[in-house]
Amino acid sequence: MRHFFLRHQPPIHIGRGLLAGIGGLVAIAAVGALTKIVGEPLLMAPFGASCVLIFSVAGSPLSQPANVVGGHFIATLVGLIMRAIFPNEWWAIGLAVGAAIALMAALRITHPPAGANPLVVFASDPGFEFLLFPVLTGSLVLVAVGTLFHRFGKVEYPLTRKPA
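Residues numbered from 1 in each chain as written. Predicted model: local features only at pLDDT ≥ 70, side-chain atom pairs only at ≥ 80, totals over all residues. Heavy atoms only, no water.

## A look at the overall build of the chain
Line of reasoning, step 1. Tallying secondary structure elements over the chain gives 6 helices and 0 strands in all.
Line of reasoning, step 2. For the chain, the α and β elements follow one another from N to C terminus as α-α-α-α-α-α.
Line of reasoning, step 3. Taken against the 2.2 N^0.38 rule, which gives 15 Å for 164 residues, the C-alpha radius of gyration of the chain at 17 Å falls within 12% of a compact globule.
Line of reasoning, step 4. Over its C-alpha atoms, taken along the principal directions, the chain stretches across nearly 50 × 50 × 30 Å.
Line of reasoning, step 5. Looking at the chain as a whole, 37% of its 164 residues are labelled buried.
Line of reasoning, step 6. Pairs at least 24 apart in sequence give 76% of the contacts found in the chain among residues at least 6 apart.
Line of reasoning, step 7. Put simply, the chain shows about 9,500 Å² of open surface, and 71% of that area lies on carbon and sulfur atoms.
Line of reasoning, step 8. Where the 10 positive side-chain charges of the chain centre and where its 5 negative ones centre are 22 Å apart. (Helix = DSSP H or I, 4+ residues; strand = E, 2+ residues; numbered from the N terminus. Rg over C-alpha atoms; globule rule 2.2 N^0.38 Å. Buried < 20%, exposed > 50% of the residue type's maximum accessible area, 1.4 Å probe, protein only. Contact = heavy atoms within 4.5 Å. Areas by Shrake-Rupley, 256 points an atom, 1.4 Å probe, with all protein chains shown as cover. Lys, Arg positive; Asp, Glu negative; His and termini not counted. Charge placed at Lys NZ, Arg CZ, Asp CG, Glu CD.)

Below is the structure:
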């Protein structure tokens, strides 16, 4: 039973954790401010989870720009297509999430927060413009802020080489 409580994540310095939190704050604030400027909604709940990956584990394959942007785009597209075809029922939502996971895995752009995008689509029933605002625009802003933020912090992001 003890193995359920083991933490496999290596310890980090408290300063690194605080910087990750500041990164998330800056990224979400930037997306929120851009929402005000352009007059289009750019924030959605899965972006908060994306910030956890981008700022806390920048070296993870799941945090890389192709995964963040591509994962959100593909998972949302799957959700939108499934919502257009199927009724808003629990089994269709499950089918959409499963299909999004499978497609992200097949395309090697898995981004766990994007797994929630079909749920957002079924809950809010947006049109296909949702792919542009907030999904594509918002995820690109998160990646841009992450890239700039990590440059100042001397953290490699995006990765320029495959992890060993």
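There is more to say, and it comes next.
## A closer look at the packing of helix α3 (residues 65-85) against helix α5 (residues 117-124)
Line of reasoning, step 1. Here α3 crosses α5 at 40°, and the two axes come no closer than 8 Å. One element, α3, and the other, α5, form an angle in the oblique class. When you trace α3 past α5, the crossing you get is right-handed. Taking contact as the criterion, the partners of His72, Ala75, Thr76, Gly79, Leu80, Met82 and Arg83 in α3 are, on α5, Asn117, Pro118, Val121 and Phe122. (Axes fitted to C-alpha atoms, helices over the stretch in contact; angles between N-to-C directions. Parallel < 35°, antiparallel > 145°, perpendicular 65-115°, else oblique. Left-handed = near helix turned anticlockwise from the far one by under 90°.)

## A word on the nonpolar core
Line of reasoning, step 1. Counting residues in hydrophobic clusters, the biggest one holds 22 residues, and the most contacted among them are Ala27, Ile54, Phe55, Leu142 and Tyr157.
Line of reasoning, step 2. Of all the elements in the fold, those that place two or more residues in this core are α1 (14-38), α2 (46-56), α3 and α6 (132-152).
Line of reasoning, step 3. Those residues within four positions of Ile54 in sequence are excluded, and the remaining contacts are Ser63, Val68, Leu142, Gly146, His150 and Tyr157.
Line of reasoning, step 4. In terms of nonpolar packing, the next biggest core, distinct from the first, is built from 11 residues, Ile74, Ala96, Ile109 and Ala114 among them. (Core = buried A, V, L, I, M, F, W, Y, C linked by side-chain atoms within 4.5 Å.)

## Overview of the side chain of His111
Line of reasoning, step 1. Following the sequence through the fold, His111 ends up in the loop between α4 (90-107) and α5.
Line of reasoning, step 2. Residue His111 is classed as buried on the basis of its relative accessible area, which comes to 0%.
Line of reasoning, step 3. Only 2.8 Å separates the side chain of His111 from the backbone oxygen of Leu62, close enough to count as a polar contact.
Line of reasoning, step 4. Excluding residues that lie within four positions of it along the chain, His111 makes contacts with Ser50, Leu53, Leu62, Asn67, Val68, Gly71, His72 and Met104. (Polar contact = N/O pair within 3.5 Å; in protein donor to acceptor, adjacent residues only side chain to side chain.)

## Some points on unusual backbone geometry
Line of reasoning, step 1. With an omega dihedral of 20°, the bond running from Phe133 to Pro134 counts as a cis peptide bond.
Line of reasoning, step 2. Tracing the sequence through the fold places Pro134 in helix α6.
Line of reasoning, step 3. Between Tyr157 and Pro158 the backbone carries a cis peptide bond, its omega angle lying at -5°.
Line of reasoning, step 4. Take Pro158: it is sitting in the segment after α6.
Line of reasoning, step 5. Of note in this structure, Arg108 is not a glycine but carries a positive phi near 60°.
Line of reasoning, step 6. Tracing the backbone shows Arg108 in the loop between α4 and α5.

## Quick notes on the pattern of salt bridges
Line of reasoning, step 1. What the rule picks out here adds up to 2 salt bridges.
Line of reasoning, step 2. A salt bridge links Asp125 to Arg83; the shortest N-O distance between them is 3.3 Å. A residue pair is termed long-range when its members are at least 10 positions apart, and Asp125 in the loop between α5 and α6 and Arg83 in helix α3 qualify at 42 residues.
Line of reasoning, step 3. A salt bridge links Glu156 to Arg161; the nearest nitrogen and oxygen atoms lie 3.3 Å apart.
Line of reasoning, step 4. Glu156 sits in the partly exposed class, given a relative accessible area of 29%.
Line of reasoning, step 5. Looking at Arg161, the relative accessible area reads 51%, which means it is exposed. (Salt bridge = Lys/Arg side-chain N within 4 Å of Asp/Glu carboxyl O.)

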